[in-house]
Amino acid sequence: MQYRWMQNYLSTLEGLSQETGVGMLKAFKQADIPSSTYYRTILGRTELRFETAKKVHDAIQYLHSLQEMRDHSEKLRRDGKPVKNRAIRAKFKSRRIGA
């Protein structure tokens, strides 16, 4: 049985995952959360705690920013422009929830 409140974190993460193109399983792994937790959550067998959802959210943001940096660097190289890693990292800093 899936409760509405239980799905809120999951729905939010799924939306962010689709928006950024970062897979949920990949984000769970990046957040160092066992894949079993991912599968239990997806199947509705367990609730997703706030702290876990926060870690996955931060992982999605981090992976998305890495992809954006790679894409930006690749575009600069294709255009024959210099690639300045420090400036690129500053431009695509990931946003984390809370402190």
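Reading guide: rules and limits
Residues numbered from 1 in each chain as written. Predicted model: local features only at pLDDT ≥ 70, side-chain atom pairs only at ≥ 80, totals over all residues. Heavy atoms only, no water. Core = buried A, V, L, I, M, F, W, Y, C linked by side-chain atoms within 4.5 Å. Buried < 20%, exposed > 50% of the residue type's maximum accessible area, 1.4 Å probe, protein only. Helix = DSSP H or I, 4+ residues; strand = E, 2+ residues; numbered from the N terminus. Contact = heavy atoms within 4.5 Å. Phe/Tyr/Trp six-rings, centres within 6.5 Å; stacked < 30°, edge-to-face > 60°. Salt bridge = Lys/Arg side-chain N within 4 Å of Asp/Glu carboxyl O. Arc of directions from axis to C-beta. pLDDT = per-residue confidence, 0-100. Expected span 1.5 Å × (residues − 1).

Enquirer: Explanation requested: the nonpolar core in the structure shown.
Expert: Among soluble globular proteins, nonpolar side chains are generally buried collectively. In this structure, Leu13, Met24, Ala27, Phe28, Val56 and Ile60 are the most contacted members of the largest nonpolar core, which totals 16 residues. For this core, the elements supplying multiple residues, two or more each, are α1 (4-20), α2 (24-30) and α4 (50-78). It is α4 that contributes the most residues to this core, 5 residues altogether. Ignoring anything within four residues of it in the chain, the contact list for Met24 reads Leu10, Leu13, Glu14, Ser17, Tyr38 and Ile60.

Enquirer: Looking at this model, I keep getting lost on the packing of aromatic side chains. Mind explaining?
Expert: Here a ring pair, both rings aromatic, is described through the centre-centre distance and the interplanar angle of the planes. A complete count under the given rule lists 3 aromatic pairs for this structure. Ring geometry for Tyr9 versus Phe50: centroids 5.9 Å apart, planes at 55°, classification tilted. Of this pair, Tyr9 sits in helix α1 while Phe50 sits in helix α4, placing them 41 residues apart in sequence. For Tyr9, a relative accessible area of 33% translates into the label partly exposed. Look at Phe50 and you get partly exposed, because its relative accessible area is 42%. Here the aromatic rings of Tyr38 and Tyr39 are separated by 4.9 Å at their centres, their planes lie at 70°, and the arrangement is edge-to-face. Counting every residue linked through ring pairs, the aromatic cluster contains Phe28, Tyr38 and Tyr39.

Enquirer: Any chance you could explain the pattern of salt bridges here in plain terms?
Expert: Oppositely charged side chains are able to pair whenever their charged atoms sit close together. By the definition in use, this model includes 1 salt bridge. Salt-bridge contacts for Glu74 lead to Arg78; the nearest nitrogen and oxygen are separated by 3.0 Å. With Glu74 and Arg78 both in helix α4, this residue pair falls 4 residues apart, about one helical turn.

Enquirer: I tried to follow helix α3 (residues 35-42) on my own but got confused; where do I start?
Expert: Three or four residues apart is the spacing at which side chains of an α-helix point the same way, because the helix has 3.6 residues per turn. Every buried residue of α3 is listed here: Thr37, Tyr38 and Thr41. Taken down its axis, α3 places every buried residue within 105° of arc, on the same side. Gly44 sits one or two residues past α3 and shows a positive phi near 80°.

Enquirer: What exactly am I supposed to notice about the confidence of the model for the chain here?
Expert: Low pLDDT marks regions whose predicted coordinates should not be analysed in detail. For the chain, the average pLDDT comes to 82, and 77% of its residues sit at 70 or higher. The element-level mean pLDDT for the chain is lowest in helix α5 (residues 85-91), coming to 64, with α2 highest at 95. Below pLDDT 50 for its whole length, residues 1-6 participates in 11 contacts with residues either more than four positions away or in separate chains.

Enquirer: Which parts of the structure should I look at to understand unusual backbone geometry?
Expert: Among all residues except glycine, the phi angle is most often negative; among peptide bonds, the trans geometry is most common. The backbone phi angle of Asp32 is positive, close to 60°, even though this residue is not glycine. With respect to the helices and strands, Asp32 occurs in the loop between α2 and α3. In this structure Asp32 comes out as exposed when scored by relative accessible area, which is 69%.

Enquirer: Sorry, what's going on with α4 here?
Expert: In this model α4 runs 42 Å from its N-terminal to its C-terminal C-alpha over 29 residues, within 8% of the 42 Å that 1.5 Å per residue would give. The positive-phi residue at the C-terminal boundary of α4 is Gly80, with phi of around 75°.

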